[in-house]
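Remarks on the overall topology
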Amino acid sequence: MPPASTRPSRWGVLGRNWWRIAVLLAASGLVGLLAALIWPRVTALPGYTVGDDGSAVTSEYGLTQFIAADASFALIGVLAGIGIGVAWWW
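Each chain carries its own residue numbering, running from 1 in the written order of its sequence. Two thresholds apply to this predicted model, a pLDDT of at least 70 for residue-level local features and 80 or more for giving and counting side-chain atom pairs, whereas whole-chain, interface and lining totals are computed over all residues. Note that water and hydrogens are dropped before the side-chain values are worked out from all heavy atoms of the structure.

Looking at the environment of Thr 43
We count it as follows: Here a helix means four or more residues in a row that DSSP labels H or I, a strand means two or more in a row labelled E, and each is numbered from the N terminus. Type-normalised accessible area, obtained with a 1.4 Å probe on protein chains alone, sets the label of each residue: buried when under 20%, exposed when over 50%, and partly exposed for intermediate values. Residue contacts follow a heavy-atom distance rule, with two residues in contact if any of their heavy atoms lie within 4.5 Å. Polar contact is the term for a pair of N or O atoms within 3.5 Å; when the atoms are in protein, one must be able to donate a hydrogen and the other to accept it, and sequence-neighboring residues count only if both atoms are side-chain atoms.
Among the structural elements, Thr 43 can be located in the loop between helix 1 (13-42) and strand 1 (49-50). Overall, Thr 43 belongs to the buried group, its relative accessible area being 10%. Residues Thr 43 and Gln 65, 22 residues apart in the sequence, show an inter-C-alpha distance of 8.8 Å. Beyond its immediate stretch of four places on either side in the chain, Thr 43 contacts Ala 69 and Ser 72. One polar contact links the side chain of Thr 43 to the main-chain carbonyl oxygen of Trp 39, over a distance of 2.9 Å. Within polar-contact distance, the side chain of Thr 43 engages the side chain of Ser 72 at 2.8 Å.

Okay, here's the thing in structure tokens:
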């Protein structure tokens, strides 16, 4: 049986780097939380009017606000994802 210092770890890379993985997972969660808190503050959410019969009506400008809200959500997600990806790669 080889000495303990040369014997491969049962956990492989995880055995030596578990704390780095834990820090990156926590940082990824924090970035996601920050992105979730930033999005409603930088996005003008669309408005609509609800009629007496329960129908909802919006203007053409309101329709563009729906697309803009989705686009800002996607942009924040892409930026956060690139940051997390670079951190995991590094």
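Structural notes on the environment of Val 57
Along the chain, Val 57 turns up in strand 2 (residues 56-57). Put simply, Val 57 and Gly 47 are 10 residues apart on the chain and 9.0 Å apart in space, counted from C-alpha to C-alpha. For Val 57, the residues in contact, after removing those within four places along its chain, are Tyr 48 and Thr 49.

Fair warning: the whole summary comes from geometry, so function is off the table for now.
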